[in-house]
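# Architecture at a glance
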Amino acid sequence: MKYTQLGRTGLKVSRLVLGTMNFGPQTDETDSHAIMDAALGAGINVFDTANVYGWGENKGRTEEIIGSWFAKGGGRRDKVVLATKVYGNMAADGEAWPNHDKLSALNIRRAVDASLKRLGTDHIDLYQFHHVDRSTGFEEIWQAVDALVQQGKILYAGSSNFPGYKIAQANETAARRGGTIGLVSEQCLYNLAERRAEMEVIPAAQEYGLGVIPWSPLHGGLLGGVIKKQAEGGRRASGRAADSLADTRTRAQIQAYEDLLEKHGTEPGEAALAWLLTRPGVTGPIVGPRTAEQLESALRAVDLELSEELLTGLDEVFPGPGPSPEAFAW
């Protein structure tokens, strides 16, 4: 495994992040534990989750599965940079009681304590705001975060799904307060097929020293060789990937992508991850394996070297927006 610093911090993190969203809903506890053991054994030291994972009446279940894995001992907790998120409504029926969601100081305090209990630990290494809360100012948010840092319950704060201007607002407010490190990471939707983050989010993250952690690096499976798998009688596309392939222009683009990688003898899913690892500002993409085999494929991407010819070809198939602000200024 290769490692890098998380943004401007001294925290050393693996170039792949283990996403746990499937733990519980799609992968049972035993298999989830096996995947976490395999990830740790391969050198992945960042595990990402969220308080809402498990979904519906099982919200919080994913954190509980991670907590039961930590409880096995063997240095598991000490070796992991644990990242979770706050924002979502935790009510099983979807009807949140006032102040039981979003980023008020009251909910942040409540949510941290609940996550710590489910995770079976005394601290969270990276506590992330899962979404922008338009009703709560950053003065209040940083006041709550500072208190939790002083109590030893969290170490760093990060954002997820923030636009560039909110990253700037958050860290400018932190700077004015003094003694607050501010956001150290941004977790955003970013992959070959979805490059809008290059317009504002990634430039803002780089300017303020945030590590970028892309989620959905295979764009819901669309970049994982979906057309070839269907042709070979494998697992059919579903969800976002199936909807995208229904569009003839998108299907032609994905076919061109798969043809290009076949020409270079490279697996599509591994190439999509390896491409992200070449992008400026990216710490490491989140991989969310449902099986041990999917984890093994992701691990191969860390050592995959993409030729300049292949990188150029990928840009031709999936052209980015271009440098900011020129991409939208003229």
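Further up the page is the structure itself.
Before going into details, it helps to say that this report is about the structure given with it. (Residues numbered from 1 in each chain as written. Predicted model: local features only at pLDDT ≥ 70, side-chain atom pairs only at ≥ 80, totals over all residues. Heavy atoms only, no water.)

## Examining the overall build of the chain
As a reminder, the rule being used: Helix and strand assignments come from DSSP, with helices taken as H or I runs of at least 4 residues and strands as E runs of at least 2, each series counted from the N terminus. Throughout, the radius of gyration refers to the C-alpha atoms, and the reference size of a globule is 2.2 Å times the residue count to the power 0.38. Burial here depends on accessible area, computed with a 1.4 Å probe over protein chains only, as a share of the maximum for the residue type. Under 20% is buried, over 50% is exposed, and the range in between is partly exposed. Contacts were defined at the residue level, with two residues in contact if any of their heavy atoms lie within 4.5 Å.
Across its full length, the chain carries 14 helices and ten strands. A compact globule built from 330 residues would reach a C-alpha radius of gyration of about 20 Å, and the chain, at 20 Å, matches this within 12%. With the C-alpha coordinates aligned to their principal axes, the bounding extent of the chain is approximately 55 × 50 × 40 Å. Evaluated residue by residue, the chain yields a buried proportion of 51% over its 330 residues. Taking all contacts inside the chain whose residues are at least 6 apart in sequence as the whole, residues at least 24 apart take part in 77%.

## Brief notes about the side chain of Asp133
To be explicit about the condition: Lys and Arg are tallied as positive, Asp and Glu as negative. Neither His nor the chain termini are counted. Should a side-chain nitrogen of Lys or Arg be within 4 Å of a carboxyl oxygen of Asp or Glu, the pair is scored as a salt bridge. Contacts described as polar in this section are N or O atom pairs within 3.5 Å, which, within protein, must combine one atom able to donate a hydrogen with one able to accept it, while residues neighboring in sequence count only if both atoms come from side chains.
Inspection of the secondary structure puts Asp133 in the loop between strand 6 (124-129) and helix 5 (138-150). For the buried residue Asp133, which engages in no salt bridge, the nearest side chain bearing the opposite charge is Lys102, 5.1 Å off. One polar contact links the side chain of Asp133 to the main-chain amide nitrogen of Leu103, over a distance of 2.9 Å. In this structure the side chain of Asp133 is engaged in a polar contact, spanning 2.9 Å, whose partner is the backbone nitrogen of Ser135. Dropping the residues within four chain positions of it, Asp133 is found in contact with Tyr87, Lys102, Leu103 and Ser104.

## So, the pairing of strand 6
Under the convention used in this document: When DSSP locates at least two bridges between a pair of strands, those strands are taken to pair. Here a crossover is taken to be right-handed if, once the strands point away from the viewer, the path from the first strand over the helix to the second is traced clockwise.
Counting buried positions along strand 6 yields six of six residues, so the element is predominantly enclosed. In this sheet, strand 6 lies alongside strand 5 (residues 81-86) in parallel orientation, the contact comprising four bridges. Residue Val86 lies in a different strand from strand 6, and its bridge partner there is Phe129. The parallel pair strand 5 and strand 6, bridged by helix 4 (residues 105-119), forms a crossover whose chirality is right-handed.

## A few points about helix 6 (residues 164-177)
Where we set the bar: Helix span, as expected, comes to 1.5 Å for every residue beyond the first.
A rise of 1.5 Å per residue sets the reference length of helix 6, with its 14 residues, at 20 Å; its end C-alpha atoms lie 20 Å apart and thus fit the reference within 8%. Those residues of helix 6 that sit buried are Gly164, Lys166, Ile167, Ala170, Asn171, Thr173 and Ala174. Buried residues along helix 6 sit in contact with helix 5, strand 7 (154-160), strand 8 (183-189) and helix 7 (201-207). Residue Gly178 follows helix 6 closely and has a positive phi angle near 75 degrees.

## Focus on the packing of aromatic side chains
Going by this rule: Ring pairs shown here join Phe, Tyr and Trp side chains whose ring centres sit within 6.5 Å, with only the six-membered ring taken for Trp; geometry is labelled stacked below 30 degrees between planes, edge-to-face above 60, and tilted in between. In our convention, an over-ring charge means Lys NZ or Arg CZ found within 6 Å of a ring centre and within 35 degrees of that ring's normal.
Inspection of the entire model under this criterion finds seven aromatic pairs. Considering the side-chain rings of Phe129 and Trp142, the 6.1 Å spacing of their centres and the 65 degrees angle between planes classify their relative orientation as edge-to-face. Residue Phe129 is located in strand 6, and its partner Trp142 is located in helix 5; the two are separated by 13 residues in the primary sequence. In textbook terms, an aromatic cluster arises when at least three aromatic residues are bridged by ring pairs, as seen for Phe47, Trp69 and Phe70. Over the ring of Phe70 we find Arg77; its NZ or CZ atom is 5.4 Å from the centre of that ring.

## Focus: the sheet that holds strand 8
Rule in force here: Here the axes come from fitting lines to C-alpha atoms, over the contacting stretch only for helices, and the angles between their N-to-C directions go from 0 to 180 degrees.
Strand order in the open sheet made by the eight strands is 9-8-7-6-5-4-3-10, with parallel pairing throughout. The sheet is open, and its two edges are formed by strand 9 (211-215) and strand 10 (286-287), each paired on a single side. In the packing of helix 4 onto the sheet, contacts are made with strand 5, strand 6 and strand 7, and the angle to strand 6 comes to roughly 135 degrees.

## A word on the pairing of strand 9
Of all five residues in strand 9, four are buried, a share of seventy percent or more. Where strand 8 meets strand 9, five bridges bridge the pair, whose relative direction is parallel. Of the residues in strand 9, the one forming a bridge with Cys188 is Pro214. Following the chain from strand 8 across helix 7 to the adjacent parallel strand 9, one finds a crossover that is right-handed.

## Thoughts on the packing of helix 5 against helix 6
Keep this limit in mind: Oblique is the label for any angle not covered by the other classes, which are roughly parallel (under 35 degrees), roughly antiparallel (over 145) and roughly perpendicular (65 to 115). Helix crossings are classified by the rotation of the near helix relative to the far one: an anticlockwise turn of less than a right angle makes the crossing left-handed, while a clockwise turn makes it right-handed.
Viewed as axis vectors pointing N to C, helix 5 and helix 6 meet at an angle of 60 degrees, and their least axial separation amounts to 9 Å. Of the possible angle classes, the one that applies to helix 5 and helix 6 is oblique. Two packed elements cross with a definite hand, and for helix 5 against helix 6 that hand is right-handed. Along its contact with helix 5, which presents Phe138, Glu139, Trp142, Gln143 and Asp146, the element helix 6 presents Lys166, Gln169, Ala170, Asn171, Thr173, Ala174 and Arg177.

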